[in-house]
Amino acid sequence: MKDDIILEVKNLKQHFQLRKDYTVKAVDGISFQIKKGEVFGIVGESGSGKSTIARTIMGVYPPTEGEIWFKNRKISDRKKSAMDKKDMQKNMQIIFQDSAAALNPRMTAEEIIAEPAVVSHTWKTKKQIHEEVEKLLCYVGLDTSYADKYPNELSGGQRQRVAIARSISVKPDLILADEPIASLDISIQAQIINLFYHLKKDHRSTFLFIAHDLSVVRYISDRIAVMYRGKIVEMGKTEDVFHNPLHAYTKSLLSAIPVPDPILERNKKLLEFKEDLQPDNGKMLDCGNEHFVYVNE
């Protein structure tokens, strides 16, 4: 694996057997790479397997098949070494969609933000912890007075900012953002997205950014992958996919993006994606310029 590749997923499958005769193929044989300093977006409808990918990478679910490589180390093995686990816990952080459930209600914002750094022994003294937390609060747009507040005293946007501050406290090599703005108001969404954008520009942070809002993904991502029923149906540089979508499902998603013009919005036609075009028993075709599409044989 090349040195500039932070994460590589090879033929990853995540199947859940609900009954003896029924298995849900949440993720069904996907492969992609994320380079250092890159924002890789994954889009698709609810239930397409986006969040399952993030949880499998983090080790919440052991993969059914396939390999996950992080910084040239295979982390998909169930018997990971203590060194691999420690490195992964410090250098890979996740931001969940539901900030209310992701934050410990019995801990203050300062304790929540400092937890990864304290556990990894990055911050050692109380003075250092307090100073670093104040810096992070200011960076994510919160006053230092919020350090002593509990999650139930914060709004949804404020909780998500605390979650973001926690994720960047140890300066991880990779941040998995699992639909971090889906549960927020539109105005708050814009603020959080701008915060991610600054992280990308100022710190060259590497993100796996999961969302179902194509406009958001286009704004922040360098490359995107479009998922449907556990498979990647199209992948490429963001502008290539938006300007020249090749798969019928991608075209259907793009046609549903709202247009800031009432006349155009009223007259536009949505493209229907028919089930008989689903990407089963197909193959990925290289369309040039790192643009791939999944087609039936």
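Note that this is a predicted model, so its numbers are computed, not measured. (Residues numbered from 1 in each chain as written. Predicted model: local features only at pLDDT ≥ 70, side-chain atom pairs only at ≥ 80, totals over all residues. Heavy atoms only, no water.)

## Details of the overall build of the protein
Then, in step 1: Along the protein, the regular secondary structure elements total 11 helices and 12 strands.
Then, in step 2: By residue count, 46% of the 297 residues in the protein fall in the buried class.
Then, in step 3: For the protein, restricting intrachain contacts to residue pairs at least 6 apart in sequence, the fraction spanning at least 24 positions comes to 61%. (Helix = DSSP H or I, 4+ residues; strand = E, 2+ residues; numbered from the N terminus. Buried < 20%, exposed > 50% of the residue type's maximum accessible area, 1.4 Å probe, protein only. Contact = heavy atoms within 4.5 Å.)

## Quick notes on the packing of aromatic side chains
Any two aromatic rings considered together are summarised by their centre-to-centre distance and by the angle between their planes.
Then, in step 1: Applying the stated rule across the entire model yields 6 aromatic pairs.
Then, in step 2: Where Phe16 meets Tyr61, the ring centres are 5.3 Å apart and the plane angle is 80°; that geometry is what we call edge-to-face. Of the two residues, Phe16 is situated in strand S1 (residues 5-19) and Tyr61 in the loop between helix H1 (50-58) and strand S4 (65-70); the sequence distance between them amounts to 45 residues.
Then, in step 3: When its relative accessible area of 28% is taken as the criterion, Tyr61 is described as partly exposed.
Then, in step 4: The ring of Tyr146 carries Lys149 above its face, with NZ or CZ at 5.8 Å from the centroid. (Phe/Tyr/Trp six-rings, centres within 6.5 Å; stacked < 30°, edge-to-face > 60°. Lys NZ or Arg CZ within 6 Å of the ring centre and 35° of its normal.)

## Quick notes on the sheet that holds S1
Then, in step 1: One open sheet holds the 4 strands; their spatial order is S2-S1-S4-S5, and the pairing between them is antiparallel. Here the strands that pair on one side only, and so sit at the sheet edges, are strand S2 (22-35) and strand S5 (73-74).
Then, in step 2: Of the strand pairs in this sheet, S4 and S5 are connected by 2 bridges, and their pairing is antiparallel. Its bridge partner being in S5, Trp69 is matched across the sheet by Lys74. (Pairing = 2+ DSSP bridges.)

## A short note on the nonpolar core
Then, in step 1: Grouped together as the largest cluster of nonpolar side chains are 52 residues, with contacts concentrated most on Ile113, Trp123, Val133, Val162, Ile164, Phe196 and Phe209.
Then, in step 2: Contact partners of Ile164, with chain neighbours within four places excluded, come to Ile95, Val140, Ile192, Leu195, Phe196 and Leu199.
Then, in step 3: The next biggest cluster of nonpolar side chains, apart from the first, holds 27 residues, and it includes Val27, Phe40, Ile94 and Met227. (Core = buried A, V, L, I, M, F, W, Y, C linked by side-chain atoms within 4.5 Å.)

## A look at the side chain of Ser169
Then, in step 1: Mapped onto the elements of the fold, Ser169 is located in the loop between helix H6 (156-168) and strand S7 (174-178).
Then, in step 2: Residue classification places Ser169 among the buried positions, given a relative accessible area of 6%.
Then, in step 3: A polar contact of 3.4 Å, which involves the side chain of Ser169, links it to the backbone oxygen of Ile113.
Then, in step 4: With near-sequence residues (within four places) excluded, Ser169 lies in contact with Ile113, Pro116, Ala117, Trp123 and Leu136. (Polar contact = N/O pair within 3.5 Å; in protein donor to acceptor, adjacent residues only side chain to side chain.)

## Here we look at the packing of helix H4 (residues 109-119) against H6
Then, in step 1: Two numbers describe how H4 lies on H6: the axes approach to 7 Å, and their chain directions differ by 30°. As judged from the angle between their axes, H4 and H6 are roughly parallel. Classified by chirality, the crossing of H6 by H4 is right-handed. Residue-level inspection shows Ala109, Ile112, Ile113 and Pro116 of H4 in contact with H6, the latter providing Val162, Ala165 and Arg166.
Then, in step 2: For the contact of H4 with H6, the residue count by class is 6 nonpolar, no polar and 1 charged. (Axes fitted to C-alpha atoms, helices over the stretch in contact; angles between N-to-C directions. Parallel < 35°, antiparallel > 145°, perpendicular 65-115°, else oblique. Left-handed = near helix turned anticlockwise from the far one by under 90°. Nonpolar A, V, L, I, M, F, W, Y, C, P; charged D, E, K, R; others polar.)

## As for the pairing of strand S8 (residues 207-210)
Then, in step 1: What you see with S8 is no split at all: Phe207 and Phe209 on one side and Leu208 and Ile210 on the other are buried throughout.
Then, in step 2: As defined by bridge partners, strand S3 (residues 39-43) adjoins S8 across 4 bridges and the pair is classed as parallel. Each bridged residue has a counterpart across the sheet, and for Ile42 the counterpart in S8 is Ile210.
Then, in step 3: Bridge count for S7 against S8 is 4 bridges, and the pairing is parallel. Along S8, the bridge assignment pairs Ala177 with Phe209.
Then, in step 4: With respect to chirality, the unit in which S7 leads through helix H7 (residues 186-203) into the neighbouring parallel S8 is right-handed. (Right-handed = clockwise from strand over helix to strand, strands pointing away.)

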